[in-house]
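What the coordinates show
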Amino acid sequence: DQAVHLEILAGDPRVTPSWDDMLLKANAFLLLVRFMDVISLDKIRAIYRRIPGDQPIPLAILIIREEGETDFKISCPACGQKLWVSDTEADKRGRCPNCKKAFKLPSQTAHIKAQLMLPDNIPTITATRDKSTSCKGALTNIMTYYLGAIKAARESTAAAPAAAQGMASPTS
């Protein structure tokens, strides 16, 4: 059995001095995302940029939705107007009602990955709030990913000194 200890950091890391200290102690990161308008994405980017890049710490994105919700909030890429995009409209052309500029409507997952410039290997999982099966499934997927990534990082760290000395590394 593996014990899991969760620390929840909330708020804006630009104004909370303890963020960086807490991040340095982490074995994994999970970014909870609800809205993806300009203001929300600015805060998400600030958090993402604080994650130490020099350590192979696993990261996952968890998008939280309300039950029955079929759309999500973004901002027009031209003027910043807040817009709601329906899941059925993803990958279609849309037009901002404010500035009249046309653009390709993203899926919610594609939008967060593009906005944060996330590599493809970072999982983005959607869960429905207050729906236990959805949340349990999402957390199971995330924990499986985390445990595998942490194990691989530890094995890689253990193998590095042996390889540097020209020795065979242990395999499991």
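Figured I'd write up the structure that's included with this text. Just so we're clear, the structure is a prediction, and the values are computed from it rather than from any experiment.

1. Concerning the overall build of the protein
Along the protein, the regular secondary structure elements total four helices and seven strands. Along its sequence from the N terminus, the protein presents helices and strands in the succession α-β-α-β-β-β-β-β-α-β-α. Per-residue burial over the protein gives 34% buried out of 172 residues. Roughly 11000 Å² of accessible area belongs to the protein as shown, and the carbon and sulfur atoms make up 54% of that amount.

2. Section: the side chain of threonine 128
Position of threonine 128 relative to the elements: it lies in strand S7 (residues 124–128). On the accessibility criterion, threonine 128 (18% relative accessible area) is buried.

3. Regarding the packing of helix H2 (residues 38–50) against helix H3 (residues 108–116)
Between H2 and H3, whose axes approach to 10 Å, the crossing angle comes to 55 degrees. Accordingly, the angle class assigned to the pair H2 and H3 is oblique. Crossing of H2 over H3 shows right-handed handedness. Taken together, the residues of H3 that come into contact with H2 (itself represented by Leu41, Ile44, Arg45 and Tyr48) are His111, Ile112, Gln115 and Leu116.

4. A closer look at a nonpolar patch on the surface
The grouping of Leu30, Leu32 and Leu139 at the surface amounts to a nonpolar patch, some 270 Å² of accessible area in total. The topology assignment puts leucine 30 in strand S1 (residues 29–33). For leucine 30, a relative accessible area of 34% gives the class partly exposed.

5. Describing the packing of aromatic side chains
In total, this model carries two aromatic pairs according to the counting rule given. Consider the rings of phenylalanine 35 and tryptophan 84, whose centres lie 6.3 Å apart with planes at 85 degrees: the pair is edge-to-face. Here phenylalanine 35 is found in the loop between S1 and H2, whereas its partner tryptophan 84 is found in strand S4 (residues 82–86), with 49 residues between them in sequence. Relative accessible area serves as the criterion here: at 29%, phenylalanine 35 is assigned to the partly exposed category. When the ring of tyrosine 145 is compared with that of tyrosine 146, the centres are 5.7 Å apart and the planes differ by 45 degrees; the resulting orientation is tilted. The exposure class of tyrosine 145 is partly exposed, given its relative accessible area of 26%. For tyrosine 146, a relative accessible area of 6% gives the class buried. The aromatic ring of phenylalanine 35 is capped on one face by lysine 73, whose charged end is 4.3 Å from the ring centroid.

6. Here we look at the pairing of S1
Residue alternation in S1 divides its side chains into a buried set, Phe29, Leu31 and Val33, and an unburied set, Leu30 and Leu32. Inspection of the sheet shows S1 paired to strand S2 (residues 59–65) by five bridges, in the parallel sense. The residue of S2 that forms the bridge with valine 33 is isoleucine 63.

7. Digging into H3
Buried residues of H3: Gln108, His111, Ile112, Lys113 and Leu116, and no others. Of the surrounding secondary structure, the elements contacted by the buried residues of H3 are S1, H2, S2, strand S3 (71–75) and S7.

8. Here we look at the side chain of histidine 111
Mapped onto the secondary structure, histidine 111 falls in helix H3. A residue is classified by how much of its surface remains accessible, and histidine 111, at 9% relative accessible area, is buried. Those residues in contact with histidine 111, other than ones at most four positions away along the chain, are Met36, Leu41, Ile74 and Pro106.

Cut-offs applied
- Residues numbered from 1 in each chain as written.
- Predicted model: local features only at pLDDT ≥ 70, side-chain atom pairs only at ≥ 80, totals over all residues.
- Heavy atoms only, no water.
- Helix = DSSP H or I, 4+ residues; strand = E, 2+ residues; numbered from the N terminus.
- Buried < 20%, exposed > 50% of the residue type's maximum accessible area, 1.4 Å probe, protein only.
- Areas by Shrake-Rupley, 256 points an atom, 1.4 Å probe, with all protein chains shown as cover.
- Axes fitted to C-alpha atoms, helices over the stretch in contact; angles between N-to-C directions.
- Parallel < 35°, antiparallel > 145°, perpendicular 65-115°, else oblique.
- Left-handed = near helix turned anticlockwise from the far one by under 90°.
- Contact = heavy atoms within 4.5 Å.
- Patch = residues over 30% accessible without salt bridge, like charges linked within 9 Å, V, L, I, M, F, W, Y side chains within 5 Å.
- Salt bridge = Lys/Arg side-chain N within 4 Å of Asp/Glu carboxyl O.
- Phe/Tyr/Trp six-rings, centres within 6.5 Å; stacked < 30°, edge-to-face > 60°.
- Lys NZ or Arg CZ within 6 Å of the ring centre and 35° of its normal.
- Pairing = 2+ DSSP bridges.

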